Amino acid sequence: MKKIGILGSTGSIGTQALDIIKMNQGRFRVTALTCGKRVDLLESQILKFHPDIVCVEQEADALRLRRQFPKTEVLWGKEGLKQTAAQADSEMILNALVGMRGLEPTLKAIDAGRDVALANKETLVAGGAIVMRAVEERGVRLIPVDSEHSAIFQALQGNEGQKIRRILLTASGGPFRGYTLDRLERVTVEQALRHPNWSMGSKITIDSATMMNKGLEVIEARWLFDVEPDIINVVVQRESIIHSMVEFADGSIMAQLGMPDMRVPISYAFAYPDRLVNHFEGVDFFQLGQLHFESVDLQVFRCLGMAYEALKLGGSYPVVLNAANEVLVQQFLEGKISFIAIQNTIEKVLEQHMPRYDMDLDDILEIDSEIRERLSVWEQR
Ligand code: NDP
Ligand code: MG
């Protein structure tokens, strides 16, 4: 049985990962589970999956769980998350945390020699260079869970070392595809949370609406596949059936297709290089009829252009892009700022940034907190 620890087991990816484990009884064993606030859900997961270690955000919740589950090691907070990633007797850690809080646990899991199935894309946006260096040094596998990157990873199987001409990263276009800037000024939180094809956590749903999600994914692809930014092209594929494509030097294009269902890339990461058997809905091409392709309007969805720019400038720019985005998305969700203020403010923050290069983990964490503090001061004004 493959031993898997799940960070962020109460979220959208975390719960789907546990569905896969439940559907494949006898194949996987859950070693660790962690949550933030949804402690009730974690409790029911402990009863079903019997992990050795769990971690929660708050100390009070941890102390209560310790009394309730005396056989389970219960940790809490940031340190607890890092310890869980390193200590659990796991062959693989699925990082399904949202945001920068995922970076240190990812590094701890790698240092401890675990393979990492990575959903937490913010980890690679902010710390791509140090994460990939650690992966190489420790000789572990970093397997993408993000559907586009899983598609690219699958297209590359058997083609290792071949020259890649282009990576075609597909995007649904989100709920505001085709909108003008003017219309984007008036959208509400409720509208932004209504994604046409995918059901996901609130942060990534807003990122999909601003198209920052695609920007983060461009940066994620640069690190995972060691490619130059200018060969990564974003293609809107409205139906979210083609999950991404790789064009090789001979002009051949390999694509991975399927229904928009995150359980497929999660299964692939868990079982790689095998494939699990499942009975999820397949693509009915006759009912579908057509697939539609278009480009992204970069004048309207400026986050995507900013992400490319941050990636090309390098150094601390992607850290700043990510930190500012995390804070502003949260402020938008809380009704404190408008939708369009997300991209306008990120642009200002990037313009004012004095870049740093050759950063270690401490530098990255320091820049990340500087940006968070600065934006919370702006909010108070
Ligand atoms: P969710 O918001 O649904 O889940 C996030 C998880 O992180 C939850 O378990 C949550 O716990 C936990 N968490 C949040 N804050 C804290 C904290 N302060 N301390 C400890 N744990 C915390 O996110 P998603 O599952 O949607 O996304 C997870 C990652 O996967 C993101 O990086 C996202 O970009 C990426 N991704 C997601 C996809 C999707 O379909 N959802 C698709 C592709 C990538 P709790 O809920 O208990 O508070
Ligand atoms: Mg994706």
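Residues numbered from 1 in each chain as written. Chains lettered and ligands numbered in written order. Predicted model: local features only at pLDDT ≥ 70, side-chain atom pairs only at ≥ 80, totals over all residues. Heavy atoms only, no water.

## Quick notes on the overall build of the protein
Regarding its fold elements, the protein presents 17 helices and 12 strands. Relative to the 2.2 N^0.38 estimate, which gives 21 Å for 381 residues, the radius of gyration of the protein is 20 Å and therefore close to what a compact globule would have. Principal-axis analysis of the C-alpha atoms places the extent of the protein at approximately 55 × 55 × 40 Å. Counting all 381 residues of the protein, 57% fall into the buried class. In the protein, of all internal contacts separated by at least 6 residues, the share reaching a separation of at least 24 is 67%. Each charge class in the protein was averaged separately, 42 positive and 52 negative side chains, and the resulting centres sit 3 Å apart. (Helix = DSSP H or I, 4+ residues; strand = E, 2+ residues; numbered from the N terminus. Rg over C-alpha atoms; globule rule 2.2 N^0.38 Å. Buried < 20%, exposed > 50% of the residue type's maximum accessible area, 1.4 Å probe, protein only. Contact = heavy atoms within 4.5 Å. Lys, Arg positive; Asp, Glu negative; His and termini not counted. Charge placed at Lys NZ, Arg CZ, Asp CG, Glu CD.)

## Description of the sheet that holds strand β6 (residues 115-118)
Each strand in a sheet pairs with its neighbour through backbone hydrogen bonds, running either in the same direction (parallel) or in the opposite one (antiparallel). Reading across from one edge, β4-β3-β2-β1-β5-β6-β7 is the order of the 7 strands in this open sheet, with parallel pairing throughout. Two strands in the sheet have a free side with no partner beyond their single neighbour: β4 (73-76) and β7 (142-144). Across this sheet, the average inter-strand angle for adjacent strands is 25°, counted without regard to direction. Relative to strand β5 (residues 92-95), strand β1 (residues 2-7) runs parallel, the two sharing 4 bridges. When the sheet's bridge partners are listed, Leu-7 is paired in β5 with Asn-95. Relative to β4, helix α3 (residues 59-68) is tilted by about 175°, and along the sheet it contacts β3 (53-56) and β4. Sheet strands in contact with helix α6 (residues 122-138) are β5, β6 and β7, and its direction is about 145° off that of β7. (Pairing = 2+ DSSP bridges. Axes fitted to C-alpha atoms, helices over the stretch in contact; angles between N-to-C directions.)

## Remarks on the sheet that holds strand β11 (residues 253-257)
Read from one edge of the open sheet, 5 strands run β11-β10-β8-β9-β12, paired in mixed fashion. Lying at the two open borders of the sheet, with one neighbouring strand each, are β11 and β12 (293-294). As defined by bridge partners, strand β9 (residues 232-237) adjoins β12 across 2 bridges and the pair is classed as antiparallel. Bridge pairing in β12 places Val-236 opposite Glu-294. Packing against the sheet, helix α7 (residues 147-156) makes contact with β8 (164-171), β10 (242-248) and β11, and its axis sits at approximately 40° to β10.

## Quick word on the site of ligand 1
In the vicinity of ligand 1 lie 24 residues, with Thr-10, Lys-37, Arg-38, Glu-122 and Gly-201 positioned nearest. A distance of 2.8 Å separates an oxygen atom of ligand 1 from a polar atom in the backbone of Ser-12. Within the backbone of Ala-119, a nitrogen or oxygen atom sits 3.3 Å from an oxygen atom of ligand 1. Burial of ligand 1 by the protein chains amounts to 90% of its free accessible area of 900 Å². Broken down by class, the residue content of the shell around ligand 1 amounts to 9 nonpolar, 8 polar and 7 charged. (Near = heavy atom within 4 Å. Polar contact = N/O pair within 3.5 Å; in protein donor to acceptor, adjacent residues only side chain to side chain. Areas by Shrake-Rupley, 256 points an atom, 1.4 Å probe, with all protein chains shown as cover. Nonpolar A, V, L, I, M, F, W, Y, C, P; charged D, E, K, R; others polar.)

## Examining the pairing of β10
Counting buried positions over the 7 residues of β10 gives 7, a clear majority of the element. Pairing of β8 with β10 involves 4 bridges; the strand directions are antiparallel. In the strand pairing of β10, Leu-168 is matched with Met-245. Both β10 and β11 contribute to a ladder of 5 bridges, which runs antiparallel. Across the sheet, the residue bridging to Ser-244 is Gln-256, located in β11. Linking β10 back to β11 in an antiparallel pair, the connection comprises 4 residues, with Gly-251 at a positive phi of about 90°.

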